[in-house]
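# Observations on the model geometry
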Amino acid sequence: MKRIEHRKSDHIDVTLKEKVVPDYDYWADVHLVHRALPEVDMKDIDTSVTLFGKRLELPLVVTAITGGFPLAEKVNRNLAEACAKMGAGLGVGSQRPAIEHGDDGTYSLVKEYDVPLVIGNVGAPQLVRQGSERPFTVEDVERAMEAVGADIMAVHLNFLQEVVQPGGDVNAKGCLESIRALAKEMPCMVKETGAGISREMAMLLKGTGIRGMDVSGVGGTSFAAVEMYRAREQEDSSASALGRTFFEWGIPAPAAIIEADVGLEIIASGGVDDGLRMAKGISLGANAAGCARALLAEAMESSERVIEKMRIMQAEFKATMFLTGCKSVEELQQRRVIVSGRTADWLSAGDV
Ligand SMILES: Cc1cc2nc3c(=O)[nH]c(=O)nc-3n(C[C@H](O)[C@H](O)[C@H](O)COP(=O)(O)O)c2cc1C
């Protein structure tokens, strides 16, 4: 296996086997207000939304996970089949291996399924020069988008992971301009990978012409943690210490949704693993929810298992809509939300 393939299979292994989420539960800080008299008929509840111009029956995007090595075929096939069946969106994993070495079919297979929204994926670090490696061009990214039939391209921001990982790509200069150049030529969004997007960042990104953001805040998979476990395995004490120290670094997912609300479309993610959390994210201002880790174990098994889990999430989401008296997702976005604990502290704290 090549080094990058090892890394990708490690990421899946570690996420499945180790504790990669923070101790503090930021989603428990978010409360929807119970309506003792919902005044809706459950059968009239419509969970559909429009995201980036595409209609999703279930307001969920399975965010980028993998591609580019043999195991990814099974994972992406199971996810694509389930997303097509449930009417959810799907992001492929980083298309770097396909751009550098050609597509092995593990990404383009998503075209075989009728997925309502397909999101491509490239890393911001690959859009600028890293040592002697040439940056990806607009044409590279256009080809990657075509290869998977993507409706929109996501540029992932993963500098927390890069700084913890030994030999990571830590030149971050020029990324904003590169995102601007991409957004001129194709529909683009930006996604974090577990450390969240702040108000300042969201404002800067809005100016590049992107269509939206997947906030991916703290509360779910921490890539500092994932790299910490990998470093321990490789007996790299420095990287392992960095990973430990920055395990919980970033903007709590519920706070990131509010911070990133600058008038673009938003995916609420970072620890979303049930339908109640999907509803909480949407009521905080997102257009849809997103998750990766919550469906990973199922995706390793079968499309049926993924569908089963998605159906549970859908039932929980619908129950939340019922109990808050919402017939449409638009109504859910207007509902009163109470935020407590550390998340409220974060939102109310003044700068020093
Ligand atoms: C095994 C694994 C691989 C991932 N690979 C990518 C990737 O290639 N590109 C990307 O943008 N995000 C990647 N992510 C990040 C997720 O898309 C998501 O932003 C993050 O895991 C937080 O969501 P979660 O708490 O639901 O897992 C990956 C996540 C996991 C668990």
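Refer to the structure above for everything that follows.
The rules behind each value
Residues numbered from 1 in each chain as written. Predicted model: local features only at pLDDT ≥ 70, side-chain atom pairs only at ≥ 80, totals over all residues. Helix = DSSP H or I, 4+ residues; strand = E, 2+ residues; numbered from the N terminus. Rg over C-alpha atoms; globule rule 2.2 N^0.38 Å. Buried ≥ 20, exposed ≤ 12 C-beta atoms within 10 Å, placed from the backbone. Pairing = 2+ DSSP bridges. Right-handed = clockwise from strand over helix to strand, strands pointing away. Near = placed C-beta within 6 Å. Nonpolar A, V, L, I, M, F, W, Y, C, P; charged D, E, K, R; others polar. Axes fitted to C-alpha atoms, helices over the stretch in contact; angles between N-to-C directions. Parallel < 35°, antiparallel > 145°, perpendicular 65-115°, else oblique. Left-handed = near helix turned anticlockwise from the far one by under 90°. Contact = placed C-beta atoms within 7 Å. Arc of directions from axis to C-beta.

### Some thoughts on the overall build of the protein chain
Scanning the protein chain for helices and strands turns up 15 helices and twelve strands. By the compact-globule yardstick of 20 Å for 352 residues, the protein chain fits well, its C-alpha radius of gyration being 19 Å. With the C-alpha coordinates of the protein chain rotated into their principal frame, the extents come out at 65 × 50 × 40 Å. Burial statistics for the protein chain: of 352 residues in total, 52% are counted as buried.

### Section: the pairing of strand β6 (residues 118-123)
Summarising burial for β6: six of the six residues are buried, a large majority. Neither face of β6 is open: one carries V118, G120 and V122, the other I119, N121 and G123, and all of them are buried. Pairing of strand β5 (residues 89-91) with β6, which is carried by two bridges, proceeds in the parallel orientation. Residue pairing for β6: G91 is matched across the bridge by I119. With five bridges connecting them, β6 and strand β7 (residues 152-157) associate as parallel partners. Directly across from G123, in β7, lies its bridge partner H156. Handedness of the crossover is the feature at issue here: the chain leaves β6, passes through helix α4 (residues 138-148), returns alongside β7, and the resulting connection is right-handed.

### Examining the site of the ligand
Residues in close proximity to the ligand total 26 residues, the closest being A64, H156, G220, T221 and R293. Residue composition of the shell around the ligand, by class: eight nonpolar, 16 polar and two charged.

### Details of the packing of helix α11 (residues 275-283) against helix α13 (residues 303-323)
Interhelical geometry of α11 versus α13 gives an angle of 50° and a closest axis separation of 7 Å. By the angle class used here, α11 and α13 are oblique. As for how α11 packs across α13, the hand of that crossing is right-handed. Across the interface between the two elements, G275, L276, M278 and A279 from α11 touch M313, Q314, A315, E316, F317, T320 and M321 from α13. Among the residues forming the contact of α11 with α13, the class breakdown is seven nonpolar, three polar and one charged.

### So, α4
Every α-helix carries 3.6 residues per turn, so stepping three or four residues along brings you back to the same face. Of all the residues in α4, the buried ones are V141, A144, M145, A147 and V148. Angularly, the buried residues of α4 cover 160° about the axis, an arc narrow enough to put them on a single face. In this structure, the buried residues of α4 make contact with α3 (96-101), β6, β7 and α6 (175-185).

### So, unusual backbone geometry
Not every positive phi belongs to a glycine, and E39 is a case in point at roughly 55°. With respect to the helices, strands and loops of the structure, E39 is situated in the loop between β1 (30-32) and β2 (49-51). With 7 C-beta atoms counted inside 10 Å, the residue E39 sits in the exposed group. Phi at E235 is positive, roughly 50°, even though this residue is not glycine. Structurally, the position occupied by E235 is in the loop between α8 (223-233) and α9 (237-245). According to the C-beta neighbour criterion, E235 is exposed, with 8 such atoms within 10 Å.

### A word on the environment of S283
Structurally, the position occupied by S283 is in helix α11. Look at S283 and you get buried, because 27 C-beta atoms sit within 10 Å. Excluding anything up to four places from it in sequence, S283 contacts L32, L332, Q333, R335 and V337.

### Some words on the sheet that holds strand β8 (residues 188-192)
With respect to topology, eight strands assemble into a closed barrel ordered β4-β5-β6-β7-β8-β9-β10-β11, the strand pairing being parallel. The sheet shows a mean angle of 25° between the axes of neighbouring strands, direction not considered. Relative to strand β11 (residues 288-291), strand β4 (residues 60-62) runs parallel, the two being bridged by three bridges. Bridging from a neighbouring strand, L60 pairs with A289 of β11.

### Let's talk about the packing of α8 against α9
The angle between the axes and the distance between the axes are what describe a pair of packed helices. Put simply, α8 and α9 touch, their axes get as near as 8 Å, and they point 155° apart. In terms of orientation, α8 lies roughly antiparallel with respect to α9. In the crossing of α8 with α9, the sense of the turn from one axis to the other is left-handed. Listed contacts from α9 to A224, A225, E227, M228, A231 and R232 of α8 are A239, S240, G243 and R244. Looking at side-chain class alone, the contact of α8 with α9 contains five nonpolar, two polar and three charged residues.

### Topic: the environment of A268
Relative to the elements of secondary structure, A268 occurs in strand β10 (residues 265-268). Sequence separation of A268 and D214 is 54 residues, and the distance between their C-alpha atoms is 6.3 Å. Residue contacts for A268: discarding those within four places in its chain leaves V215, I257, G281, I282, L284, A286, A289 and G290.

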